[in-house]
Amino acid sequence: MGRHPRRDLLAGLTVAIVALPLALGFGISSGLGAEAGLVTAVVAGALAALFGGSALQVSGPTGAMTVVLVPIMNEHGPGGVLTVGVLAGVLLLALALAQAGRYMALVPAPVVEGFTLGIACVIALQQVPAALGVPVPEGDKVVTVAWQAVRDFASGPGWTAPAMAAAVAALMLAGARVRPGVPFSLLAVAGATALAELADLPVARIDSLPAGLGAPSLAFFDAAALGSLLAPAVAVAALAALESLLSAAVADGMSVNHKHHPDRELFGQGLANLVAPMFGGVPATGAIARTAVNVRSGASSRLAALSHAAILAVIVFTAADLVARIPLAALAGVLLATAVRMVEVGSVRAMVRSTRADALVLALTALATLALDLVAAVILGLIVAGALALRAIARDVRVDPMPLRPDIPGDHDAEEHDLLAEHIVAYRLDGPLFFAAAHRFLLELSEVADVSVVILRMSRVTALDASGAMVLGDAIGRLERRGITVYVSGIRDRHQQPLRALGAIARLDASGQVFATTPEAIAAARDRLAGTGVLPPPRTAPTA
């Protein structure tokens, strides 16, 4: 934290200016009041900055968490929300100790890109009422609220707020291209505030701030209500883990050489959520918008996020009247510019051009983030990505007839080889034999022409599950009912258990038709056909 203190402190100041109205608004939206949002930003923001796994992450109250908290507030009151926060903190600590954060690496890149694109759109739409200078309409969906705000503005347009928001956003975007190290967001907000004061512009401002922070207490904790609050706590913990880890991943993508530690990030978020409710704060997560502002403002260490929390604490006690004069339209312009800069156009364009599956997953995740919520969007993206991946893997399984000559030892003339080929066919199975590919395998193997012996070469089967084992047993049974003798060779050790447990090769194993190598299976097949008179007996070497 001592390498670039000036740059980190400026980034922390910029983030604090952006985070202040968000903390107030999210606190009010949760039902616990503006002070709860500030407490969360200060306490949770400081603890997550110190103990989290990302040096660039900024934590605090978020809009996604507010959506989850409102039903809890309506049903259980403030004590229920605070209790859920403590329980969620305990669950997050348990996830960290179980090293569950590493599974975040399994989330496909199109899901992360789609989530980031969707979040950028949500952030931009959330700023529409403030940017247009109209009251925030009622509603849960950002698209509906933004559209209603546009209609309200059209019925009685006033151009002061839109002009201020556009000017702040334009200054930030243009300034970032010319001088990336200069905090243009801070300069723009300061300039807009000064202009609004000097010209007495008719724009909405922050009305008031609480005078201080509450003392720590556990008086709210209701042990009798734990049973009914456990399910909401699981939902809150899941959202906190998901949003925090995705936000940390987005920060990694926006930086050059930074990489977060997922399990440590879960630990930091768990500690933050465990302690913040004791001061009256709501559950917190890593905040993508504030994290993006932090990175774009030049943050390089934890000092930026830590100073953001410290500056908010100082503002609460010393500069409440001054901050209350900041126009909401100026802050809306900051977040509009942040939303634009969150989207890496080149990365999105490359992923869309990669494959149709990647483009579909990216677009679906982004649209679901807008239409549904963050958790549902990521889950939907994961399901679709997994289904498409299974479809692609299933296409790789092949059942190919293989020539027998290279596998047959001994000297055989061409006529004998032709006769052998007419009665013995070897099939090599390549790729995974699992539920997504099993049906296709059964259809292909059922089309085997009339032969006497079929040899299934399984040395190149990469994966085998219960569905694959059952289908293999079904295919063997169908061939045997047609009077075809089946031999199996090259079963890998890890595939023995499902085959034997489901009885797929029980009959073959009992009758000695399972072999370690293909040449052994071919030799056994020739001996069988020679015994029935289909093939001539094998030649014996001449004696001296």
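Residues numbered from 1 in each chain as written. Predicted model: local features only at pLDDT ≥ 70, side-chain atom pairs only at ≥ 80, totals over all residues. Heavy atoms only, no water.

**With respect to the overall build of the chain**
- Counting secondary structure elements, the chain contains 23 helices and eight strands.
- The burial tally for the chain puts 52% of its 544 residues in the buried class.
- Contacts in the chain between residues far apart in sequence, at least 24 positions, make up 83% of those at least 6 positions apart.
- On the chain, roughly 24500 Å² of surface is accessible, and the fraction owed to carbon and sulfur atoms is 62%. (Helix = DSSP H or I, 4+ residues; strand = E, 2+ residues; numbered from the N terminus. Buried < 20%, exposed > 50% of the residue type's maximum accessible area, 1.4 Å probe, protein only. Contact = heavy atoms within 4.5 Å. Areas by Shrake-Rupley, 256 points an atom, 1.4 Å probe, with all protein chains shown as cover.)

**Some words on unusual backbone geometry**
- The backbone of Gln99 sits at a positive phi, close to 55°, despite the residue not being glycine.
- Mapping Gln99 onto the fold places it in the loop between α3 (63-97) and α4 (109-126).
- The class of Gln99 is partly exposed, set by a relative accessible area of 41%.
- A positive phi is found at Asp200, a non-glycine position, where the angle reads about 50°.
- Position of Asp200 relative to the elements: it lies in the loop between α8 (184-198) and α9 (226-254).

**Observations regarding the confidence of the model for the chain**
- Per-residue confidence for the chain averages 81 on the pLDDT scale, and 86% of its residues sit at or above 70.
- Mean pLDDT across the secondary structure elements of the chain bottoms out at helix α18 (residues 414-423), with 58, and peaks at helix α10 (residues 262-275), with 94.
- Low pLDDT (under 50) marks residues 406-413, which in the prediction has eleven contacts with non-local residues, meaning those over four places away or in another chain. (pLDDT = per-residue confidence, 0-100.)

**Some details on the environment of Pro283**
- Topologically, Pro283 is positioned in the loop between α10 and β2 (285-286).
- Spatially, the C-alpha atom of Pro283 lies 6.8 Å from that of Pro61, the residues being 222 residues apart in sequence.
- Pro283 has contacts with Thr40, Met65, Leu69, Val81, Gly85, Val236 and Asn273, leaving out every residue within four places of it along the chain.

**Structural notes on helix α2 (residues 34-51)**
- When the terminal C-alpha atoms of α2 are compared, their 26 Å separation across 18 residues agrees well with the 26 Å that a helix rising 1.5 Å per residue should span.
- Burial analysis of α2 places 15 of its 18 residues in the buried class, the great majority of the element. (Expected span 1.5 Å × (residues − 1).)

**Some words on the packing of aromatic side chains**
- The tally for this structure, following the rule as stated, stands at two aromatic pairs.
- An angle of 85° between the planes, with centres 5.1 Å apart, marks the rings of Phe153 and Trp159 as edge-to-face.
- Accessibility expressed as a relative area gives 9% for Phe153, which makes it buried.
- For Trp159, a relative accessible area of 61% gives the class exposed.
- Taken together, a centroid distance of 5.7 Å and an interplanar angle of 35° make the contact between Tyr487 and Phe515 tilted. Remark: Phe515 occurs in strand β8 (residues 514-515) and Tyr487 occurs in strand β7 (residues 485-489); sequence separation between them is 28 residues. Like Phe515, Tyr487 is buried. (Phe/Tyr/Trp six-rings, centres within 6.5 Å; stacked < 30°, edge-to-face > 60°.)

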